[in-house]
Amino acid sequence: MNIVVLGPGAIGSLWALSLHNAGHSLSLWSRNGHHQSTLCLDTLSPVTLVNNDAEKLKDADLLLVTLKAPQVETAMQPLLEQIDPDCIVVLMHNGMGTADIVAELLPNNPLVLATTTHGAYRPEPNKVQHTGVGITQLGGHNEKGKQCQFLAEVFDHALSTAQWHNHIEQALWSKLAINCAINPLTAINQITNGELAADSYRSTLVSVVEEVAQVMNAEGIVTDAAKLEETVFNVIQATAKNHSSMQQDIVHKRPSEIDFITGYLLQRAQTHNIAVPHNTALFEQIKLIEQSWKSS
Ligand code: NAP
Ligand code: PAF
């Protein structure tokens, strides 16, 4: 396939190189404006890929968007006229809420949503490390997107395991619950994921997850709060040594994905008139930290 990766950071570079190595015609769209980028995955030989080529974008069969959620609308706006209506758009990021924005910007394109538990780290702009093997789930957001099941095979062949999910919103909400629980608490307290296993965080974690489960049920996503809590504690254990993405964003004073994680939950809770005080408190604390950078 002709594939363009928009936002080739850590996770985008991992996928770009994996899809290139699987034989696809790969190019990048980044904000550095260079015509070529040389990327190196782990100890493999460096690969030079075309960057920001309008013709490649027009010819793309697949646009894989690996931007952070808050960057999606701004980055896609200037590209809209160059994206063919048959080009499949795949959004792969933490958080929710961009799908409706993109569906409005590109109403005729097949739209597919993806979530991945692979880990990627970019120690330098041209280097990417595959830090954790995970699972990628993909599923259609609109009718045309739902017909793109073959993509699971394309992604699986490049970087296993990838699976098609007929109700991708279910997988996205489960990931949202994990991120609502782990990300703000680790960012506010500047701790590793594993430190959340301490007794002092237990009641907050349980309350946050119970609130998310209530909103999920109101959204028609059948879930069980106890099972969701178990999943969150399993992720805390499995990623004990990691620093969450929000902890890293906050420590480096980069805007976090809070609006598309807890912020999205708060929006949906308001629609259903559900009170979510624990999530609201965490949202406000992250916002206060981000605002403090502007005044300092
Ligand atoms: P990242 O390294 O910051 O990648 C985002 C990339 O988008 C950066 O290279 C950034 O450019 C680029 N970008 C920003 N604005 C742009 C624009 N207008 N046009 C073109 N490119 C633009 O972040 P990441 O770690 O890959 O994460 C991406 C998403 O995947 C996040 O939602 C994250 O939570 C999720 N995720 C990450 C991992 C992981 O292990 N990294 C795992 C699972 C999910 P600059 O390089 O110039 O900043
Ligand atoms: O955002 C993150 O860091 C990750 O999604 C997770 C699962 C919380 C692990 O650090």
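Owing to the predicted nature of the structure, the values given are computational and were not obtained by experimental measurement. (Residues numbered from 1 in each chain as written. Chains lettered and ligands numbered in written order. Predicted model: local features only at pLDDT ≥ 70, side-chain atom pairs only at ≥ 80, totals over all residues. Heavy atoms only, no water.)

*Asks:* How should I be thinking about the pattern of salt bridges in this particular structure?
*Replies:* A side chain with one charge can pair with a side chain of the opposite charge if their charged atoms come near. All told, the structure shown has 5 salt bridges when counted by the stated rule. Note that Glu219 and Arg268 form a salt bridge whose closest N and O atoms lie 2.9 Å from each other. Taken together, the positions of Glu219 in the loop between helix 8 (199-218) and helix 9 (225-238) and Arg268 in helix 11 (residues 262-271) put the pair 49 residues apart, joining distant regions of the chain. Given a relative accessible area of 24%, Glu219 falls into the partly exposed group. For Asp259, the salt bridge goes to Lys287, with nearest N and O atoms at 2.8 Å. One end of the pair, Asp259, is in the loop between helix 10 (245-251) and helix 11; the other, Lys287, is in helix 12 (residues 277-295), with 28 residues separating them in the sequence. Classification of Lys287 by relative accessible area gives partly exposed; the value is 22%. One continuous salt-bridge network, built from bridges that share partners, spans Lys68, Asp249 and Arg254. (Salt bridge = Lys/Arg side-chain N within 4 Å of Asp/Glu carboxyl O. Helix = DSSP H or I, 4+ residues; strand = E, 2+ residues; numbered from the N terminus. Buried < 20%, exposed > 50% of the residue type's maximum accessible area, 1.4 Å probe, protein only.)

*Asks:* Whenever I open this one, the site of ligand 1 confuses me. Can you help?
*Replies:* Taken together, 22 residues lie around ligand 1, and Ile11, Arg31, Asn94, Ala120 and Glu257 are the ones closest in. In the model, an oxygen atom of ligand 1 is placed 2.9 Å from a nitrogen or oxygen of the Arg31 side chain. Within the backbone of Asn94, an N or O atom sits 2.9 Å from an oxygen atom of ligand 1. Bound to the protein, ligand 1 loses 78% of the 880 Å² it would expose on its own. Secondary structure elements with two or more residues in the shell around ligand 1: helix 1 (10-21) and strand 8 (119-124). The class makeup of the residues in the shell around ligand 1 is 8 nonpolar, 10 polar and 4 charged. (Near = heavy atom within 4 Å. Polar contact = N/O pair within 3.5 Å; in protein donor to acceptor, adjacent residues only side chain to side chain. Areas by Shrake-Rupley, 256 points an atom, 1.4 Å probe, with all protein chains shown as cover. Nonpolar A, V, L, I, M, F, W, Y, C, P; charged D, E, K, R; others polar.)

*Asks:* Teacher, can you tell me more about the site of ligand 2 here?
*Replies:* Asn94, Lys175, Asn179, Ile182, Asn183, Asn193, Val235, Ser244 and Ser245 make up every residue found near ligand 2. Residue Asn193 places a side-chain N or O atom 2.9 Å away from an oxygen atom belonging to ligand 2. Between Ser245 and ligand 2, the recorded distance is 2.6 Å, taken from a side-chain N or O atom to an oxygen atom. Burial of ligand 2 by the protein chains amounts to 84% of its free accessible area of 280 Å². Top element by residues in the shell around ligand 2 is helix 7 (residues 168-189). It accounts for 4 residues.

*Asks:* It is not clear to me how the UniProt feature "domain: Ketopantoate reductase N-terminal" (unreviewed entry) in the protein should be interpreted in this structure. Could you clarify?
*Replies:* Under the UniProt annotation, the feature "domain: Ketopantoate reductase N-terminal" (unreviewed entry) is placed at residues 3-141. Strand forms 37% of residues 3-141 and helix 22%; the C-alpha atoms that close the span are 19 Å apart. (UniProt positions renumbered as here; feature names shortened; annotations may be inferred.)

*Asks:* What's the story with the side chain of Asn183 in this structure? I'm lost.
*Replies:* Note on placement: Asn183 falls in helix 7. Those residues within four positions of Asn183 in sequence are excluded, and the remaining contacts are Ile178, Ser244, Ser245, Met246 and Ile261. (Contact = heavy atoms within 4.5 Å.)

*Asks:* How do you make sense of the nonpolar core when you look at a structure like this?
*Replies:* Grouped burial of nonpolar side chains is what soluble globular proteins tend to show. One finds Leu63, Val65, Met76 and Trp173 to be the most contacted residues of the largest nonpolar core, which totals 64 residues. A total of 12 residues in this core trace back to one element, the largest contributor, which is helix 7. In terms of domain composition, this core takes at least three residues from each of domain 1 (2-166) and domain 2 (169-295). In this structure, Leu26, Met92, Val112 and Ala158 belong to the second largest nonpolar core, which totals 32 residues. (Core = buried A, V, L, I, M, F, W, Y, C linked by side-chain atoms within 4.5 Å. Domains from an automatic or database assignment.)

*Asks:* Please clarify how the packing of helix 7 against helix 11 should be interpreted in this entry.
*Replies:* Helix packing for two helices is described by the angle between their axes and how far apart those axes are. Interhelical geometry of helix 7 versus helix 11 gives an angle of 120° and a closest axis separation of 9 Å. When the interaxial angle is binned, helix 7 and helix 11 end up oblique. Mapping the contact onto sequence places Trp173, Leu176, Cys180 and Pro184 in helix 7 and Thr262, Tyr264, Leu265 and Arg268 in helix 11. (Axes fitted to C-alpha atoms, helices over the stretch in contact; angles between N-to-C directions. Parallel < 35°, antiparallel > 145°, perpendicular 65-115°, else oblique.)

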